[in-house]
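Chain by chain, the residues run as shown.
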Amino acid sequence: MVLTSPLIQPDDLRFCVAPMMEWTDRHYRALARLHSRRARLYTEMVTTAAIIHGDRERLLGHEASEHPLAVQLGGSDPADLARAARICAEYSYAEINLNVGCPSDRVQNGAFGACLMREPLLVAQCVGAMKEAVDLPVTVKCRIGVDEQESREALFALVHASVAAGADAMVVHARKAWLKGLSPKENRDIPPLDYPLVHELKREFPTLPIAINGGVDTLDSAREQLAHVDGVMVGRAAYHNMSMLQEVDPQIFGEPAPFESSRAATLAFLSYIERKMSQGVRLADMTRHMLGLFAGRPGARAFRRHLATYAVRPGADARTVEEALMLVDRVPVAQRDDCLPT
């Protein structure tokens, strides 16, 4: 089965930053967007119950500057997902992504996430319900299987069912999830990667946009994967070394970055900090996402230490960040030979 959707193009997924709970909030995304115009950003996973019954502005609100931006939903009830999708559409997201990959106990107790790998027909019903509810692209992020499933059989069954229901693209974390015996953290590293299986999936669905996730932690490895699939999704590497995003537009898209350096992007972020603080946001809620800046640069440790120490104090403001920036690259000349290149 080969289907093509006009709603999403392969290049839309060429470089994505993965949805990460407690990490990819609106403040991280605002800073990330100053490093890359083209990277596709995702929200943290939001459950259907939270959207239907909770504070929607807090959960879904974002700024136009964050686009292209997708929202990831967690749920397994087609009617609830359709209702949540309609609410998300009101917030002008570029894509709605269904979580079929998270292995946490909380998600398993809610009967969604990675455990849905066992129920491809239910996933198809969820996708179909959302497709009927909204005109946005609906995509699925999944694993290659769970527990004792045969990976190829599980993955291909899920993708065939999802595409038949109208899924516009697939994002595949190229590892199994072990729901019994491994923690969510262990599930990110211990199950072996099977990139060739995802490459085979792309050959089976040549016109379906497919992005690969898992273990892609450098732009060199991203380019290697782009020889086989349409896109890559990077998680922790894009968070812990945000300066990596500074090179995404030039190296992956052949376009200039928004600013000439990560330092310049961070200086541009100061106006966002000032505006959000005037709205009652704590400085530390924003600077916690900045600790991965300047990784490997002289003074990076002092930069992190200054923010961790002073951003939490009463009266801290954007000047605290300016002071931290002054520490980057400030080491004695005699020590510079021992430092990583900038």
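Above this text you will find the structure in question.
Okay, so let's go over this structure. All of these numbers come straight from a predicted model, not from anything done at the bench.

**Considering the overall build of the protein**
Scanning the protein for helices and strands turns up 16 helices and eight strands. Rg of the C-alpha trace for the protein: 20 Å, near the compact-globule value of 20 Å for 342 residues, within the 12% margin. The dimensions of the protein, computed from C-alpha atoms along their principal axes, are 60 × 45 × 40 Å. Looking at the 342 residues of the protein, the share that counts as buried comes to 55%. In the protein, 74% of the contacts between residues at least 6 apart in sequence involve partners at least 24 apart. When the accessible surface of the protein is summed, it comes to about 14700 Å², and 51% of that surface belongs to carbon and sulfur atoms. The average position of the 39 basic charges and that of the 43 acidic charges among the side chains of the protein differ by 4 Å.

**Quick look at helix H16 (residues 318-325)**
Residues lying three or four places apart along an α-helix face the same way, a consequence of the helix completing one turn every 3.6 residues. Looking at H16, one finds that the buried residues are Ala318, Thr320, Val321, Ala324 and Leu325. Looking straight down H16, one finds its buried side chains confined to an arc of 155 degrees; they lie on one side.

**What to know about the packing of helix H4 (residues 78-89) against helix H6 (residues 120-133)**
Where H4 meets H6, the closest approach of the two axes is 8 Å, and the angle between their N-to-C directions is 35 degrees. Considering how the two elements wind past one another, H4 and H6 form a crossing that is right-handed. Residue-level contacts link Pro78, Leu81, Ala82, Ala85 and Arg86 of H4 to Leu122, Gln125, Cys126, Ala129, Met130 and Ala133 of H6. Looking at the contact of H4 with H6 residue by residue, the class counts come to nine nonpolar, one polar and one charged.

**Details of the layout of surface pockets**
Where empty space is left becomes clear once a probe the size of a water molecule has been rolled over the atoms. In this structure, the largest pocket encloses a volume near 780 Å³. Residue lining of the largest pocket: 33 residues in total, with Pro19, Met20, Lys141, His173 and Arg188 positioned closest to the centre. When residues of the lining of the largest pocket are traced back to their parent elements, those giving at least two are strand S2 (40-47), helix H5 (105-109), helix H8 (184-187), strand S8 (231-234) and helix H11 (236-240). Here the lining of the largest pocket is built from residues that sort into 14 nonpolar, nine polar and 10 charged.

**Observations regarding the pairing of strand S4 (residues 95-100)**
By the criterion of burial, S4 is predominantly enclosed, with six of the six residues buried. Every second residue of S4 is oriented toward a common face, with Glu95, Asn97 and Asn99 on one face and Ile96, Leu98 and Val100 on the other, all of them buried. Bridging between strand S3 (residues 69-74) and S4 involves four bridges; their strand directions are parallel. When the sheet's bridge partners are listed, leucine 73 is paired in S4 with leucine 98. In this fold, the crossover linking S3 to S4 by way of H4 has right-handed handedness. Judged from the five bridges that link them, S4 and strand S5 (residues 138-142) form a sheet pairing that is parallel. Bridge pairing in S5 links isoleucine 96 to valine 138.

**Details of the environment of methionine 20**
Topologically, methionine 20 is positioned in the loop between strand S1 (15-17) and helix H1 (26-33). In this structure, the C-alpha to C-alpha distance between methionine 20 and isoleucine 87, residues 67 residues apart in sequence, is 21 Å. Residue contacts for methionine 20: discarding those within four places in its chain leaves Thr43, Glu44, Gly235, Arg236 and Tyr239.

**Details of the pattern of salt bridges**
In this structure the tally under the stated criterion is 14 salt bridges. One salt bridge in this structure joins arginine 282 and aspartate 285, with 2.9 Å as the shortest N-O distance. Among the salt bridges present, the one from aspartate 317 reaches arginine 319, with a minimum N-O distance of 2.8 Å. By relative accessible area, arginine 319 is classed as exposed at 53%. In this structure, a network of salt bridges that share partners links the residues Asp11, Arg38 and Glu255.

**Observations regarding the environment of glutamine 149**
Looking at the element boundaries, glutamine 149 is found in the loop between S5 and helix H7 (151-164). When the C-alpha atoms of glutamine 149 and lysine 176 are compared, they prove to be 8.7 Å apart, with 27 residues separating the residues in sequence. For glutamine 149, the residues in contact, after removing those within four places along its chain, are Met117, Arg118, Ala154 and Lys176.

**Here's the deal with the side chain of glutamine 246**
Looking at the element boundaries, glutamine 246 is found in the loop between H11 and helix H12 (248-253). Here glutamine 246 is in contact with His35, Ala257, Phe259, Glu260, Ser261, Ser262 and Ala265, once residues within four sequence places are set aside.

**Brief notes about the environment of isoleucine 252**
Tracing the chain through its elements places isoleucine 252 in helix H12. Using a relative accessible area of 7% as the deciding quantity, one classes isoleucine 252 as buried. Sequence separation between isoleucine 252 and arginine 223 is 29 residues; the distance between their C-alpha atoms is 7.3 Å. In this structure, isoleucine 252 is in contact with Arg14, Phe15, Leu219, Ala222, Arg223, Leu226 and Glu247, ignoring residues within four places of it in sequence.

**Some words on the state of the cysteines**
Throughout the structure, instances matching the rule amount to zero disulfides. The thiol sulfur of cysteine 102 is not disulfide-bonded, and the nearest other cysteine sulfur, from cysteine 115, lies at 9.6 Å. Cysteine 126 carries a free sulfur, and the closest cysteine sulfur to it, the one in cysteine 115, is 11 Å from it. Accessibility expressed as a relative area gives 0% for cysteine 126, which makes it buried.

Conventions used here
Residues numbered from 1 in each chain as written. Predicted model: local features only at pLDDT ≥ 70, side-chain atom pairs only at ≥ 80, totals over all residues. Heavy atoms only, no water. Helix = DSSP H or I, 4+ residues; strand = E, 2+ residues; numbered from the N terminus. Rg over C-alpha atoms; globule rule 2.2 N^0.38 Å. Buried < 20%, exposed > 50% of the residue type's maximum accessible area, 1.4 Å probe, protein only. Contact = heavy atoms within 4.5 Å. Areas by Shrake-Rupley, 256 points an atom, 1.4 Å probe, with all protein chains shown as cover. Lys, Arg positive; Asp, Glu negative; His and termini not counted. Charge placed at Lys NZ, Arg CZ, Asp CG, Glu CD. Arc of directions from axis to C-beta. Axes fitted to C-alpha atoms, helices over the stretch in contact; angles between N-to-C directions. Left-handed = near helix turned anticlockwise from the far one by under 90°. Nonpolar A, V, L, I, M, F, W, Y, C, P; charged D, E, K, R; others polar. 1 Å grid on protein atoms, 1.4 Å probe; cavity = no way out; pocket = protein on both sides within 12 Å on 5 of 7 lines; lining within 4 Å. Points joined across faces, edges and corners; volume = space filled by probe spheres on them. Pairing = 2+ DSSP bridges. Right-handed = clockwise from strand over helix to strand, strands pointing away. Salt bridge = Lys/Arg side-chain N within 4 Å of Asp/Glu carboxyl O. Disulfide = S-S within 2.5 Å.

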